[in-house]
Every structure is written in C-alpha cells, then in structure tokens.
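Each chain, written out:
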Amino acid sequence: MARKPSAAERAAELLDLPVESLADVPRLTVVGCRSAVVEQHRGLLRYGRELIEVAGGRVCLRIRGADLELRAMDRDALLLRGEIVSVEFF
Amino acid sequence: MYRLTESLRGWVSAELEGAETARFLNRCAETGVELRRAVPADDFTLSLRFRRRELDAVRAAAEKSGCTLRLLRERGLPASARTLRGRYLLCAGSLLCALALLWASLHVWEIEPRGLERVGEAELLAALEKAGVGVGSFWPDFVNERIKCRVLYEIPALSWAAVQVRGSRAVALVREAVPPPEVVDEHEAVEIVAGKAGLVTELRVLRGEAAAQPGQTVLAGETLVSAEVHSSFEKAAPRRVHAIAEVYARTWYSLSACAPLARTETRETGRERLRLALEAGDRRINFYDSSRNLPGEYDKLTKTYRLAIPGVFSLPLALTVERYRACETVRTARDKAALRAALEARLTERLRTEIGETGEIREKSFSVSERDGLLYVTLRAECLENIARERRLTEEN
C-alpha cells in the first residue's frame, strides 16, 4: 500500500517550495550507479557491504548493491560509494 | 592536494569490532566526528580512518556503542613530530644545517668569467676582487654599476662588465674593447721597400714613383716605390706622398726541422696510491703526510668533488681525490715515415705563415737526413708573394 503524503508535503507541493525543507523526509542524490548522497538523515540502521539502511524520519531508505562503503558521514549528510543495484523506500 | 592536507593534519587507521557498528557510526555523526573510508570487513567489523585529534571522541563513541576500537596505524606530520620528541640533537642539527644552507646561499662560492678573449682570467678575477666580488662575498651587497666602473678602471681593455648571481655562483660577463683601427695619414711621406729579397715580377703602383722594374733582383730594404713624385713641370719641386703599391716577387725559402728518432714513453706498472684532501674555502686539509714524497715516477690524476647542485648553488666544500699511478719510462723507436710526414707538414705550415694569405707556393721539395739520432727534414721552396713594406721617411731622408 503506497504511503500517503503528509500535510507538510502537500503544503510544500502547493506552494512550490522544496519538500525536504518543510517535511521530515530525507533527500537522496544518486550519481550514476556508483555514488549516492543522503541528506537530512536520522542515522544508519544497518551497514554492510551489500546492504545499507538509512533512517530518514518518515521515510527510510534501503540501498542494495556490492562493495558499498561509507565514504563520509556527518550529522546531516552521508556519502556512499560502491555498486548500487537498487534503492527501496520503506 | 587532499592527501597532502591529510598528511599535514595526521590521520589514524583503526578497526572497530562490535555488534552495533551502525550505532557507532550514528554516534560519530552526532558528535561531529569526520570519518573517512568506513569500510565494513564483515557484519561485525569495520575499518575506518579519522583525524588524529578526533581519537578521543572516536574512543568515546566506540565505548558507548559497546564496540572495541583497535588502532592499526598512525601517519602524518604530528606522528612524525612525536617520534622526534627527545631527539634534541637531531632537531638542533637539522636546524643548524638549514641555517648553514641559508647563510651559504647568500654568499658567492664560485665565480665564472665569460666573454674573455685577450684579457686573462686571473687579471679579471683580481679586478673583481678589488670591486668586492670574490669567493665568500655577500652577494645582496653587489651593485652592478659600481662593479662595472671599478672593473673597467682596473682593466681598460674591457668595454663593459656585469655580474649575475645564480644561487652561490657569480657569472662575470665582460666585453672586450675593440681596438681602434690604424688611421693612415695620407699626407705623411712613406716609401715602399722590399720586405724580403726576391726577383720582382710585377709592380702595382697606386701612389708614388716606381723605383724598381719587373725582372730586377732586389734585396731586403731596397726602395721599390719612392715617396717623391716629380712634377711634369720642370721647375716645380718634387712633392712627397704616402706611397701605396703592391710588389710581387719570386722568393726562395729553405726551412729545416728535426725530431728525435726514438721517444720516451711512460708505461704504468699497475701500482696505485690514493690521497685525499678536503678544501674548505681557501684552506686545504690533507689526509696524508704531505712532507713525504712518493718514491719513483708517478702519473697524478686529480679529481675534485664539490658539494653543489649544478646551476643552483655550491658550497665552499670540496673533496679532492689524487690518484698516483706508478709508471716506468721506456724508449721506443718512432715510425720514420710518419715522423717525416709530420715534419714536412709542419714546415709547409710555417712556409704558408711566412708568405701570408696572398702568397703562392710555386715549387717545393723536401730532403731528409739522419744524424746523431735525429731526423732532419729540409724544405726548399720557390714562392710568389707581395714583398712590399711601408717605411716612413724621416727629416734626414
């Protein structure tokens, strides 16, 4: 069953504002299939070579792939490198 | 660039073991610890790299996450500096070397003259020494204009001088003055005389009166073209001119040269001695007993190794290696044919110098004889050359 957008998300869409600035959702930027940046995250849930799960408030990410590694991480963003096969939201 | 900055800041490579490695990473992110290359080796092991100054924060995060942190390697400038702690002599020595290099680079240790043709190198170096440019001089004090004025005053044969300093090497650039050409006084009374004895074949008189004729035999010093020119008017007195003429005559030469038929050669016996010396500025320190002479005959080969980077700087320190190879003298006979050819060539060259560029060798022959262990070669030649020479007329003449 698809997740319903929150009030903040709907308001951001109506006002043409960046969704992540109002709603409690992460921002994912994928460059090709080798690099991904996750901003506004809430920490890591799982970390492994083939699976990384990132908490993002109302939405969590599950990134699958091979030789995944965390190149950099701070309070707001993290940078992942490796062979990204798929990204799931849960 | 990133690697350079990381090396300057220092980094630590470590291994984390525990069940909650993700929790450890979250804790590091919350406390602002910057982790580089957090690579999971397996589900419970993580290898990571972070800055040296964040070690305490990483340890605290590992402890709170229930993980074990094991340091593997520490690199960078802070780690290297820590190894030097306590090595005061090494630090002091390094500092001293750096200061010595800096001091040495501000002084001239080598002077290279360029542009010399007739003026001697020793003369130029002496003039530079008086101008304040010498071995050991402080080159920031050099003023090119002052050096140029002093050098030109000391050596009038120069027209320009300058000094360029590259590292510890001073290049003295000079230009020699071009001597002014001899000005011929057209009104001076000069006659043409024979420079050598010969048989006149041709006279080309441009100014003056011919006093000799083709076919006439003349001796050296005889007047060929007179400076007194008679006027076509009978009552007019003769006038004196600067005679100009070319007088070609047949001349004969007999030149001899000799060379020994045997020569002395040195042959190395295989024995060798080595002597070392250290040169510091003007001083020389011999690492051998200089009062003792080596017995027998030796060939000496000297090589100097200077402490310098070519083209950049040089220090006033040099190691001199003197290699003495023992040799014995042996007399060997020379090849007569080769010796004769060499002597003939030398005589021919000498003849060409005698007759000048305009002269021509018409006939030549060589005769050879041996006497008292010497080979004598005589050149007899007939030449055609310009024998005209100028002679100034004095009041008595």
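Placed above this text is the structure.
Residues numbered from 1 in each chain as written. Chains lettered and ligands numbered in written order. Predicted model: local features only at pLDDT ≥ 70, side-chain atom pairs only at ≥ 80, totals over all residues. Heavy atoms only, no water.

Visitor: So what about the nonpolar core? Which residues, and what values?
Guide: Within the largest apolar cluster, 34 residues are counted, with the highest numbers of intra-cluster contacts made by A:L44, A:Y47, A:L70, B:F24, B:L25 and B:L48. Setting aside chain neighbours within four positions, we find A:L44 in contact with A:I52, A:E53, A:V54, A:L70, A:M73, A:L78, B:A22, B:L25 and B:N26. If you look at the next biggest cluster of nonpolar residues, it comprises 17 residues, including B:V108, B:L124, B:L128 and B:A172. (Core = buried A, V, L, I, M, F, W, Y, C linked by side-chain atoms within 4.5 Å. Buried < 20%, exposed > 50% of the residue type's maximum accessible area, 1.4 Å probe, protein only. Contact = heavy atoms within 4.5 Å.)

Visitor: Help me get a handle on the environment of B:I147, residues and values and all.
Guide: Residue and element names in this part refer to chain B. With respect to the secondary-structure elements, I147 resides in helix α7 (residues 144–154). Judged by its relative accessible area of 4%, I147 is buried. Along the primary structure I147 and G132 are separated by 15 residues, whereas in three dimensions their C-alpha atoms are 7.5 Å apart. In this structure, I147 is in contact with L128, A131, V133, F142 and V163, ignoring residues within four places of it in sequence. (Helix = DSSP H or I, 4+ residues; strand = E, 2+ residues; numbered from the N terminus.)

Visitor: Break down the environment of B:F44 for me, with residues and values.
Guide: Residues and elements named next belong to chain B. In this structure, F44 sits in the loop between β2 (35–42) and β3 (45–51). Between the C-alpha atoms of F44 and T21, which are 23 residues apart in sequence, the distance is 6.7 Å. If we skip the residues at most four places from it in the chain, F44 touches L16, E17, G18, A19 and T21.

Visitor: So what's going on with the sheet that holds strand β6 (residues 158–166) of chain B? Residues and values would help.
Guide: Residues and elements named next belong to chain B. Strand order in this open sheet of three strands is β5-β7-β6, and the pairing throughout is mixed. Each edge of the open sheet carries a strand with a single partner, namely β5 (110–114) and β6. Each strand axis lies, on average, 20 degrees off the axis of its neighbour in the sheet, ignoring direction. Both β6 and strand β7 (residues 169–176) contribute to a ladder of eight bridges, which runs antiparallel. Pairing of V165 across the sheet is with A170, part of β7. Packed onto the sheet, helix α6 (residues 121–130) meets β5, β6 and β7 and runs at close to 125 degrees relative to β5. (Pairing = 2+ DSSP bridges. Axes fitted to C-alpha atoms, helices over the stretch in contact; angles between N-to-C directions.)

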